[in-house]
Amino acid sequence: MSNLALITGGQKGIGLGISKALVAAGWEVAIASSSGADTAAVKEALAALGPKARYYQHDLRDIAAIDPLLAQIQNQQGPIHALISNAGVPARQRGDMLDITPDNFDFTLDINLRGAFFLAQAVARQMRMGGAESYRSIVFVTSVSASMASVERAEYCISKAGAGMMAQLFAARLAGEGIGVFELRPGIIETGMTAGVQEVYTARIEGGLVPARRWGQPADIADVVLPMVSGQMRFANGAVVPVDGGLSINRL
C-alpha cells in the first residue's frame, strides 16, 4: 500500500506542486480545500494527478468537520502518513494596519492559524495511534512573513508567525514518538495568490530583492517537502527551512 499524504489547498499553487511531486514519487494524496468539487481548479488538479488522488471538501474554519473528514479519508484511502498543512489566505485587504477590522483579522487567523492547529492536532492523534510501522510527518507551509514584517498585511504576518511557533510546539511534542515536524517558509512564489502583484514584484526581484533574481515556483517548495516526508530528515525534527531564493537573508 502506498503512503498517503493529506494536503490542504492541494488543488492549486504551492499545494498542487507538492501534490504532483508526491504522486510522482509513488504517494497517494488526499486533497482538502473549501472549494467545491466541481470547480475548474479541482477538476484540473485531479485530472493532472490521476487515480492516486482524491478530493475532500473541507473548510478549515469548521473545527467540528475535522473528525468526519479524517474518518472519510481513512475509509477511502487508509491511514495518513504525512500532513502538508499548506492552505492559507492572504489579508483580505492590504492597507494601513491601523485600519484592520476585527472581521478581517479573525478571517485570516481562523484559517491560517486556528483551523490549521486543530487539523494538525487531530492528525497527530491519529498518527500516534498508528504505531511506527512507517515514518509519519507534519509539514507546515508558512511564509517568510513569519519573520519579515509587512505593515500593509499585518494580520497575515501575525498568522504566519503564530504558525511558526505552532510547528515548533508540534515538533517538541511529537519528536519522541518518531513523528517529524517541519516548517517551510516560502518567499515570493509565482501562484494565483501573487498574480495581482506580479508586475510590482517582478521589478523588485530583478532589482535584487531576491538574491536568486527569479520568482519561486511551486516545484521549488515540493523539492524540499519530499525528503521531509520520506524520513531523510528525521533527525532534523523541528527544522525551519526558508525556500525563498535568499530573500530572508539579512543583508546590508
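Everything that follows concerns the structure shown earlier in this document.
Since we're looking at a predicted model, the values are computed, not measured. (Residues numbered from 1 in each chain as written. Predicted model: local features only at pLDDT ≥ 70, side-chain atom pairs only at ≥ 80, totals over all residues. Heavy atoms only, no water.)

> I would appreciate a short explanation of the side chain of Asn 112 in the present structure.
Topologically, Asn 112 is positioned in helix α4 (residues 102-129). Within the structure, Asn 112 has its side chain in polar contact with the backbone nitrogen of Val 89 (distance 2.8 Å). For Asn 112, the residues in contact, after removing those within four places along its chain, are Ala 87, Gly 88, Val 89, Tyr 156, Ser 159, Lys 160 and Ala 163. (Helix = DSSP H or I, 4+ residues; strand = E, 2+ residues; numbered from the N terminus. Polar contact = N/O pair within 3.5 Å; in protein donor to acceptor, adjacent residues only side chain to side chain. Contact = heavy atoms within 4.5 Å.)

> Quick question: what am I supposed to make of the packing of helix α3 (residues 66-77) against α4 here?
Packed helix pairs are specified by the crossing angle of their axes together with the interaxial distance, meaning the distance between the axes. Between α3 and α4, the shortest axis-to-axis distance is 10 Å and the interhelical angle comes to 45°. By the angle between their directions, the pair α3 and α4 is classed as oblique. Helix-helix and strand crossings are classified by hand; for α3 and α4 the assignment is right-handed. On α4, the residues that touch Ile 66, Asp 67, Leu 69, Leu 70 and Gln 74 of α3 are Phe 118, Leu 119, Ala 122, Val 123 and Gln 126. Tallied by class, the residues present in the contact of α3 with α4 amount to seven nonpolar, two polar and one charged. (Axes fitted to C-alpha atoms, helices over the stretch in contact; angles between N-to-C directions. Parallel < 35°, antiparallel > 145°, perpendicular 65-115°, else oblique. Left-handed = near helix turned anticlockwise from the far one by under 90°. Nonpolar A, V, L, I, M, F, W, Y, C, P; charged D, E, K, R; others polar.)

> What am I meant to see in the pattern of salt bridges here?
Here the idea is simple: oppositely charged side chains can pair when their charged atoms come close. Summed over the entire model, instances satisfying the criterion amount to six salt bridges. Among the ionic pairs, Arg 94 bridges to Glu 152, the shortest N-O distance being 3.5 Å. With Arg 94 in the loop between β4 (82-85) and α4 and Glu 152 in the loop between β5 (136-141) and α5 (154-174), this pair connects stretches of sequence that are 58 residues apart. Look at Arg 94 and you get partly exposed, because its relative accessible area is 43%. Salt-bridge contacts for Glu 177 lead to Arg 173; the nearest nitrogen and oxygen are separated by 2.9 Å. (Salt bridge = Lys/Arg side-chain N within 4 Å of Asp/Glu carboxyl O. Buried < 20%, exposed > 50% of the residue type's maximum accessible area, 1.4 Å probe, protein only.)

> How do you make sense of the environment of Gln 72 when you look at a structure like this?
Mapping Gln 72 onto the fold places it in helix α3. Residue classification places Gln 72 among the partly exposed positions, given a relative accessible area of 37%. As a C-alpha pair, Gln 72 and Tyr 56 span 16 residues in sequence and 8.6 Å in three-dimensional space.

> Hey, could you run me through the environment of Pro 242 in this one?
Tracing the backbone shows Pro 242 in strand β7 (residues 240-243). Linking Pro 242 and Leu 184, residues 58 residues apart in sequence, is a C-alpha distance of 5.9 Å. Apart from residues lying up to four places away in sequence, Pro 242 is in contact with Arg 185 and Ser 248.

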